[in-house]
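Summary of the model geometry
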Amino acid sequence: MKSSHISLSVQGMTCASCVGRVERVLKKLPGVEQANVNLATERAEIDVTDASLVQQAIQAIQKVGYQAAVVSEGGDDHLADRQQAEVAHLRMQLWVALLLTLPVFILEMGAHLVPAFHHWVANTIGTQNSWLLQFVLTTAVLVGPGRHFYLLGVPALLKAAPDMNSLVAVGTAAAYLYSVVATFMPSLLPDGTVNVYFEAAAVIVTLILLGRFLEARAKGNTSQAIRHLMGLQAKTARVVRNGTITDLPIDQVQVGDTLEIRPGERIPVDGKVLDGHSFVDESMISGEPVPVEKSIDTQVVGGTVNQTGALRVQAVSVGKDTVLAQIIHMVQQAQGAKLPIQALVDRVNLWFVPVVMGIAMLTFVIWFVWGPSPALTFAVVNAVAVLIIACPCAMGLATPTSIMVGTGRGAQIGVLFRKGEALQLLRDVKVVAVDKTGTLTQGKPVLTDLVVADEFNEENVLALVAAVESRSEHPIAQAIVTAAKNKSLSLPDLTEFESVTGYGVQAQANGMKVAVGADRFMQKLGLDVSIFNETAQKLGNEGKTPMYASIDGRLAAIIAVADPLKENTVQAIAALHQLGLKVAMITGDNQRTAEAIARQLSIDEVVAEVLPDGKVHAVSRLFEQYGSVAFVGDGINDAPALAQAQVGIAIGTGTDVAMEAADVVLMSGDLMGVPDAIALSKATMRNIRQNLFWAFVYNAALVPVAAGVLYPAYGILLSPVFAAGAMALSSVFVVSNALRLRRFQALRFSR
């Protein structure tokens, strides 16, 4: 049975435990094959046996306390709006909490820190009245801005699936209830333990709200790349129907419609130019700043900007089928992916909160039984500190935020990660295998050399040879004809055209007999080609196959047509070498040509004259010999090798089949995208490791401190207030560190 894919937006998740709970409930549903939930993108990606299960999935998510909705085909374009609304809501909650908490903090901490202030409060307001005022204000904080933690945390705790909200709820409730007993029923507490910790409960809520506010604001920046791409989509199009020009919403444009695009306007959809001439800024898909010339029958891409002239365009692809829509979809898919490294994090998070609650209980018991007087006070304060310091927000955000920013930055420089896992796999690549034609080279033969014999004129020879070759459809013949046209040469009329199988072609042009072909053709005609031996040797060393031309029975010229290297190929291979990688070329071309190009580019290994299945075997052998392989190709014949390699990288100017088989797509067709992609992978994985190190080490180091292990030797305890501040800071640090990837720059190496 063919599986279906469902994308759901999930609201209300705050930490790694929330992600784990949603994933677990989805995976328990019958018919769900796979479920991945992402905290940073707030999405659940589900593979199901039947698309009708979507309502069951939504209901299951709602039962565990979160809101869910189906993401439309065009993508979750409301994420930015939700994030802005969340930031505004948290800002308001934070201000309310801050205004209510400040008097509590001043009354209690001021009295502890400044003895004169303590005496002033006792002599004017009175200690009991001060506690009553703190009770009223703290209750307002917990019932108002802090109620979110209880509404989510308590049900999760009752379902034996505690999360960050549960930790905050239990910690603040413990501090608050202890203070309520001390205020209203002090006789229930042992002598010397009658103290209030209203300020701890209020300040904890306020600091965590501050952390969530800063985190939400930073998370909004992580989806900047998607918002930028969506901003490139035109909202309306000028459509010609029945001879009338009408402005229509973009979703009403149909395939086959004729559109008018004026200078300076964004092209609404993918199409073909019917009329007009202009230059179009295509930097959004290629990363190249130089405008591209457009004329009749050339293709235009939706989202690019028309610059100089008016164009009339026929719509070829609309809606989700446009290049821009597919780019957005690929980026969203990659951002929602889970890297292999995330599996470790998920296993830890599954047990993290229950373990922390166990440590907090153990801390309470140890301090209560063996702690100094007042033991109950020490037990409560330290247990609360453990609960608050260990909230797993940072661990839940460590990986997905880096993925979001990394893949988004990749899209901006023309590197599209179709599969998020490629971000991690590229880092471990040991050898980059590349196809030749269309990847290293332009994929289109051009005339590279024309050396004429004495007494012959170069332009006359080219015109005569091009005239003869104009009757042939062979790419080499077309390259010679194109070279003549580029020089504005007029081609003479032909008579008596003849194709000599295995040798070449010949014809009468301008009354002269012209023959073009291999050296054996010249020898058949009784001509000695030895005068061009040195030139032929040089061309052979460059991987070019020489041809010869004779005019009226005399050897006239030696000609070479070749597929030239792309502009940045040399630079790209040098960049890969500087990254410490081996480079192999796998091609169906002949061995001599392949080796000549390999020498030019300093390629380490050559596999030539192979069919598509031979490319697959070559990739497998390279993997066994060196380790992880990235294969770069552009053609249909490259698709099997792209799928076989640990990471398949498709040139975006190639075929759709190649791009579908690949893990990474280079939109510009520039091979420099390969070292860029690898460097971005290394930078992203380094960023993830930094985030995970901070999140795990932070908890491993501070949970024992909060429990009081330093107290016997150094007399150091961690106040719940400072624990709340440190916890909030850890999440902000993780997200801010991920945002540094937005400054990643494309590589520019020199050989």
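Definitions and limits used
- Starting from 1, residues in each chain are numbered consecutively following that chain's sequence as written.
- Only residues with pLDDT of at least 70 get local features here, since the model is predicted, and only at 80 or more are side-chain atom pairs given and counted; chain-wide, interface and lining totals rely on the full set of residues.
- Excluding hydrogens and water, the side-chain figures rest on all heavy atoms present in the structure.
- Here pLDDT means the predictor's own confidence in every residue, given as a number from 0 to 100.
- Helix and strand assignments follow DSSP, with helices taken as H or I runs no shorter than four residues and strands as E runs no shorter than two, numbered in order from the N terminus.
- Salt bridges are defined by distance alone: a side-chain nitrogen of Lys or Arg within 4 Å of a carboxyl oxygen of Asp or Glu.
- Burial classes follow relative accessibility: with a 1.4 Å probe on protein chains only, a residue under 20% of its type's maximum area counts as buried, one over 50% as exposed, and anything between as partly exposed.
- Every axis in this analysis is a line fitted to C-alpha atoms, fitted for helices over the stretch in contact. Angles between the N-to-C directions lie between 0 and 180 degrees.
- Roughly parallel refers to an angle under 35 degrees, roughly antiparallel to one over 145, roughly perpendicular to one between 65 and 115, and oblique to any angle outside these ranges.
- The criterion used for residue contact is that any of the two residues' heavy atoms lie within 4.5 Å.
- To qualify as a nonpolar core, a set must consist of buried Ala, Val, Leu, Ile, Met, Phe, Trp, Tyr and Cys residues joined through side-chain atoms within 4.5 Å.
- Two strands form a pair only when DSSP identifies at least two bridges running between them.
- Put simply, a crossing is left-handed when the front helix is turned counterclockwise from the back one by less than a right angle, and right-handed when it is turned clockwise.
- Amino acid classes used here: Ala, Val, Leu, Ile, Met, Phe, Trp, Tyr, Cys and Pro are nonpolar; Asp, Glu, Lys and Arg are charged; the rest, including Gly, are polar.
- UniProt positions are given in the numbering used here, feature names are shortened, and annotations may be inferred rather than shown by experiment.
- Helix span is expected to be 1.5 Å times the residue number reduced by one.
- By definition, the arc is the one covered by directions from the helix axis to the C-beta atoms.

1. A few points about the confidence of the model for the protein
For the protein, mean pLDDT is 83; residues scoring 70 or higher make up 91% of the total. Confidence, expressed as mean pLDDT per element, reaches its minimum in the protein at helix α25 (residues 656-661) with 63 and its maximum at strand β15 (residues 431-434) with 94.

2. Comments concerning the pattern of salt bridges
Tallied over the full model, the rule gives twelve salt bridges. Among the salt bridges present, the one from Asp-247 reaches Arg-238, with a minimum N-O distance of 3.9 Å. With a relative accessible area of 14%, Arg-238 lands in the buried category. Here Arg-312 and Glu-260 are joined by a salt bridge, their closest N and O atoms 2.4 Å apart. Here Arg-312, found in strand β13 (residues 311-317), pairs with Glu-260, found in strand β7 (residues 258-261); they are 52 residues apart in sequence, far enough to count as distant. Judged by its relative accessible area of 21%, Glu-260 is partly exposed. Beyond isolated ion pairs, a larger network of salt bridges with shared partners links Arg-238, Asp-247 and Glu-265.

3. A look at the packing of helix α13 (residues 375-389) against helix α28 (residues 720-739)
Closest axis-to-axis distance for the α13/α28 pair is 8 Å, and the angle between their directions is 5°. Viewed along their axes, α13 and α28 adopt a mutual orientation that is roughly parallel. Residues Val-381, Val-384, Ala-385, Ile-388 and Ile-389 of α13 form the contact with α28, whose participating residues are Pro-720, Ala-723, Ala-724, Ala-726 and Met-727.

4. Re the nonpolar core
The tendency in soluble globular proteins is for nonpolar side chains to be buried side by side. Ranked by size, the top nonpolar core spans 140 residues in total, and within it Leu-26 and Leu-426 carry the most contacts. The element contributing the most residues to this core is helix α26 (residues 673-707), with 15 residues. Look past the residues within four positions of Leu-26 in its chain and what remains in contact with it is Val-32, Ala-35, Val-37, Ala-44, Ile-46, Ala-57 and Ile-61. Counting 41 residues, the second-largest nonpolar core is a separate cluster that includes Val-461, Ala-463, Val-465 and Ala-507.

5. Comments concerning the pairing of strand β17 (residues 494-500)
A regular strand carries its side chains on alternate faces of the sheet. Of the pairings in the sheet, the one linking β17 to strand β18 (residues 504-509) comprises five bridges and is antiparallel in character. Each residue of the ladder has a partner; that of Glu-498, found in β18, is Gln-506. In this structure, the hairpin formed by β17 and β18 is closed by a connection of three residues, where Gly-502 is found at a positive phi of approximately 85°.

6. Section: the sheet that holds strand β14 (residues 415-417)
Taken in spatial order, the seven strands make up an open sheet running β14-β26-β25-β24-β15-β22-β23, and their pairing is mixed. Either end of the sheet is taken by a strand with one partner, and the two such strands are β14 and β23 (605-607). Direction aside, neighbouring strands of the sheet carry axes that sit 20° apart on average. Relative to strand β26 (residues 664-666), strand β25 (residues 647-651) is paired through three bridges, and the arrangement is parallel. When the sheet's bridge partners are listed, Ile-651 is paired in β26 with Leu-666. Lying on the sheet, α26 is in contact with β14, β15, β24 (629-633), β25 and β26; it crosses β14 at an angle near 55°.

7. Re unusual backbone geometry
Between Ser-373 and Pro-374 the backbone carries a cis peptide bond, its omega angle lying at -5°. Mapping Pro-374 onto the fold places it in the loop between α12 (341-370) and α13. Here Asn-510, not a glycine, exhibits a phi torsion of approximately 55°, which is positive. The backbone phi angle of Ser-602 is positive, close to 60°, even though this residue is not glycine. For Ser-602, the position within the fold is in the loop between α22 (591-601) and β23.

8. Some remarks on the packing of α13 against α26
As a packed pair, α13 and α26 sit with axes 8 Å apart at the nearest point and diverge in direction by 165°. As summarised for this structure, α13 and α26 are arranged roughly antiparallel, according to the angle between their axes. Read as a crossing pair, α13 and α26 show a hand that is right-handed. From α13, Asn-382, Ala-385, Val-386 and Ile-389 reach across to α26, where they touch Tyr-698, Asn-699, Leu-702, Val-703, Ala-706 and Ala-707. Classifying every residue of the contact of α13 with α26 by side-chain character gives eight nonpolar, two polar and no charged.

9. Looking at the UniProt feature "transmembrane region" (unreviewed entry) in the protein
Under the UniProt annotation, the feature "transmembrane region" (unreviewed entry) is placed at residues 92-111, 131-152, 164-184, 196-214, 348-370, 376-399, 692-711 and 717-739. Counting secondary structure, residues 131-152 comes out at 86% helix and 0% strand; the distance between its end C-alpha atoms is 29 Å. The annotated region residues 196-214 carries 89% helix and 0% strand content, and the separation between its end C-alpha atoms amounts to 30 Å.

10. As for the environment of Ile-586
As for its placement among the helices and strands, Ile-586 is situated in strand β22 (residues 582-586). Classification of Ile-586 by relative accessible area gives buried; the value is 0%. On a C-alpha basis, the gap between Ile-586 and Ala-394 in space is 44 Å, while along the polypeptide they are 192 residues apart. Excluding anything up to four places from it in sequence, Ile-586 contacts Ala-433, Val-434, Asp-435, Lys-436, Val-607, Val-610, Lys-615, Ala-618, Val-619, Leu-622 and Phe-631.

11. Here we look at helix α6 (residues 147-158)
The periodicity of an α-helix, 3.6 residues per turn, causes residues three or four places apart in sequence to face the same way. Compared with an ideal rise of 1.5 Å per residue, which puts twelve residues at 16 Å, α6 spans 17 Å between its outermost C-alpha atoms and is within 8% of the ideal. Those residues of α6 that sit buried are Phe-149, Leu-152, Gly-153 and Ala-156. The arc that holds the buried residues of α6, viewed along the axis, is 95°, so those residues lie on one side. Within α6, the exposed residues directed more than 90 degrees away from the buried face are Leu-151 and Leu-158.

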